[in-house]
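# Coordinates in review
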Amino acid sequence: MKFCVLVCFLSGLLSVVGGEMYTSLLNVKQAISVERKLIDYLRTYIDHELDRLEDIKRFYAKVSDLHTELYKGPAVAMANPLVAFTLIKRLHSEWLNVVYSNEALENLQALRSSYEEEEADLPNLEDLQGAAKGLMRLQDVYALQVSSLVRGRFQRITNGESVDVYMPAVSVQLSGDDCFLVGKVAYEEEDYYHSVQWLEESVHLFRGAGEEWSPENEGTLEDALDHLAFSHFKTGNVSYALSLSQELLHHNPMNGRVLQNVKKYEKLLVAAGPPRGTGLRRPSSSYLRTRDTYERLCRTQGSQRRHFANPQLFCDYFTNNNPALMLMPARRELVSLQPNVVLYHDFVTDAEAEDIKSLAQPGLRRSVVAAGEKQATAEYRISKSAWLKGSAQSIVGKLDQRISLLTGLNVKHPYGEYLQVVNYGIGGHYEPHFDHATSPSSPVFKLKTGNRVATFMIYLSPVEAGGSTAFIYANFSVPVVEKAAIFWWNLHRNGEGDDDTLHAGCPVLIGDKWVANKWIHEYGQEFQHRCSLNPQEEKEGGSRKVDAQARAARAGAACICDWSPKAPGILECTADTAAVDMEEEEEAEEECGIWQPAPKGEMLFLAKLKEF
């Protein structure tokens, strides 16, 4: 009962404490030290309670011995006034002191007071929900099996077999209550696709534990059955909802609501006839039209062979014709021609990366996105960020100088924004977006230095799995390369946005991802990056090739297009048929033209330029 009171108290406290711990792994790491303190407090509480129980056991032994030895003959014993006095005294005060002792409450209150001292650093309900959504996001994007996640593994089904996506060095198995809480978060969002899967695992684990109940648990088998039954009903599986509800009645036969549900399900089954199994299907996304392409690029993590097999891509030592780089040229890798994306290896040192992260830590706040003329937090961007100003002598100033040497651009404020340092959270990600403003009311224009012409992003930490940067319409992704920096142009030379720079930060599967962003604006680059007066620039030449790729990406096809070496003016596009679902094939045909069989199960597409 004491534990029940304690858990209820802690739960109530958690619901009112502020914080966004789940949006930054740094905060999650800091929570470890908080729990270490709580462990010490609980150890102290247990020690005091053991001392208290020892006192009670001593009192019990004393009274038991009296009844075993001294009170064998009550009449004889009570003839002694000392014996009679001690009996009356015990019954009047000693038993009262034991039964109504405040020591247990004082011990508990001491634990509560210690706990309250740490409350500012504790997660709240939003953190719990955010962490659960992070697990579901990883499940979706990387096609992970819930049953494997429960066992502490990261696996997906490939060719009918469970295959490890990644083997973490450290992992933990989830309990029935853990799964119940994830399923409950989905349930409360009316996301029954996820609630069914997680609650199924919860019920399985609770059944395996028998009737055992742990005081720290929020859910029980009955709770999991209740939520799971309704989830199956909402997904159309009425027969299974009925079966689960009947099982629930075995545990709680007087539950009137469940009795009503059973009658309802029985009537529905009679009216509907034999059940038709449609299976559990993931809902389509109404706001993320490129979801399939985005997730495929995240799963492949930079292994798009056709893209990187392009002979025009290269690596070299780059000086940008600048004397400052002659003795220490940059290690440059061209990873894409359209859009033009360059990776600079070993751009920062280990020490510089750690210094930047340390400077940013005190100022980390929940990352925001443009929302009209204002900025707001959003579910499609889970991270924390801080803005760093820098003098010429500071580490930030030195990075600015280095960026300017490589790009030839003016990156001083306000022509370049302050350095933004980002730390991703649990399943942290940033869904497909443009860095440049697409609306004249965007906060990007507040600097009054034009749009963001280019992006320079520095990888400050390694990531064990996930976290790639995926270029959606260009159909390739770049994995995190520790200490490297990636650079691309957001705008065409005529100032129009380059649609092919639509990109995403894939969810971090395993690891602690830190990046630093430097956004460079149009103004101040007049002599470094000359403008074009051609309003049709983005529609000419190679951009038509990418238009075909963009159309294929929107249709869900893995399409790579290039000029035909045999037929001038003709585009050849190859696609992996496994990337196109049967119901999407027709849409892909409409977007990209006529598909024709080609060797090795691929598909060949030929089209004249004028058709684009």
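Source: prediction; values computed, not measured.

### Overview of the confidence of the model for the chain
Across the chain, the average pLDDT comes to 83, with 82% of residues at 70 or higher. Across residues 567-571, where pLDDT falls below 50, the model places 17 contacts with residues more than four positions away in sequence or in other chains. Note that residues 576-612 has pLDDT below 50 and, in this model, 69 contacts with residues that lie over four places away or in other chains.

### Side note on the packing of aromatic side chains
One pass over the structure, following the stated rule, counts 15 aromatic pairs. Measuring from ring centre to ring centre gives 6.1 Å for Tyr344 and Phe456, while their planes differ by 20 degrees; the resulting arrangement is stacked. One end of the pair, Tyr344, is in strand β5 (residues 341-345); the other, Phe456, is in strand β12 (residues 452-459), with 112 residues separating them in the sequence. Its relative accessible area of 4% is what places Tyr344 among the buried residues. Plain terms: the ring middles of Phe471 and Trp488 are 5.1 Å apart, the flat faces sit at 90 degrees to each other, and that makes the pair edge-to-face. Of this pair, Phe471 sits in strand β14 (residues 469-471) while Trp488 sits in strand β16 (residues 485-489), and the two are 17 residues apart along the sequence.

### Observations concerning the state of the cysteines
If you walk through the whole model with that rule in mind, you get one disulfide. Through a disulfide, Cys298 is tied to Cys506; the S-S separation comes to 2.1 Å. Disulfide Cys298-Cys506: torsion about the S-S bond near -85 degrees, hence left-handed. Of this pair, Cys298 sits in helix α13 (residues 291-300) while Cys506 sits in the loop between β17 (503-505) and β18 (508-511), and the two are 208 residues apart along the sequence. Side by side, Cys298 and Cys506 carry an identical accessibility label, which is buried.

### Structural notes on the sheet that holds strand β15 (residues 476-478)
Taking strand neighbours across the sheet as the criterion, the four strands line up as β11-β17-β14-β15 in an open arrangement whose pairing is antiparallel. Edge positions in the open sheet fall to β11 (430-433) and β15, since each of these has one partner strand only. Strand-to-strand, the axes of this sheet are offset by a mean angle of 15 degrees, without reference to chain direction. Here β14 runs beside β15; their pairing, made up of three bridges, is antiparallel. Counted as the bridge partner of Thr469 is Val478 from β15. Across the face of the sheet, α13 comes into contact with β11, β14, β15 and β17 while running at roughly 45 degrees to β15.

### Here we look at the sheet that holds strand β3 (residues 315-318)
Strand order in the open sheet formed by nine strands is β3-β4-β5-β16-β12-β19-β10-β9-β6, and the pairing between neighbours is antiparallel. Every other strand in the sheet has two partners, leaving β3 and β6 (365-366) as the edge strands with one partner each. Bridge count between strand β10 (residues 419-424) and strand β19 (residues 514-521): four bridges; the pairing is antiparallel. Counted as the bridge partner of Val422 is Val515 from β19.

### What to know about the packing of helix α8 (residues 176-188) against helix α10 (residues 221-234)
One way to put it is that α8 packs onto α10 with a least axis distance of 11 Å and a crossing angle of 35 degrees. By crossing handedness, the relation of α8 to α10 is classed as left-handed. Contacts between α8 and α10 involve Phe180, Lys184 and Tyr187 from the first element and Asp223, Ala224, His227, Phe230 and Ser231 from the second. For the contact of α8 with α10, the per-class residue count stands at four nonpolar, two polar and two charged.

The rules behind each value
Residues numbered from 1 in each chain as written. Predicted model: local features only at pLDDT ≥ 70, side-chain atom pairs only at ≥ 80, totals over all residues. Heavy atoms only, no water. pLDDT = per-residue confidence, 0-100. Contact = heavy atoms within 4.5 Å. Phe/Tyr/Trp six-rings, centres within 6.5 Å; stacked < 30°, edge-to-face > 60°. Helix = DSSP H or I, 4+ residues; strand = E, 2+ residues; numbered from the N terminus. Buried < 20%, exposed > 50% of the residue type's maximum accessible area, 1.4 Å probe, protein only. Disulfide = S-S within 2.5 Å. Pairing = 2+ DSSP bridges. Axes fitted to C-alpha atoms, helices over the stretch in contact; angles between N-to-C directions. Left-handed = near helix turned anticlockwise from the far one by under 90°. Nonpolar A, V, L, I, M, F, W, Y, C, P; charged D, E, K, R; others polar.

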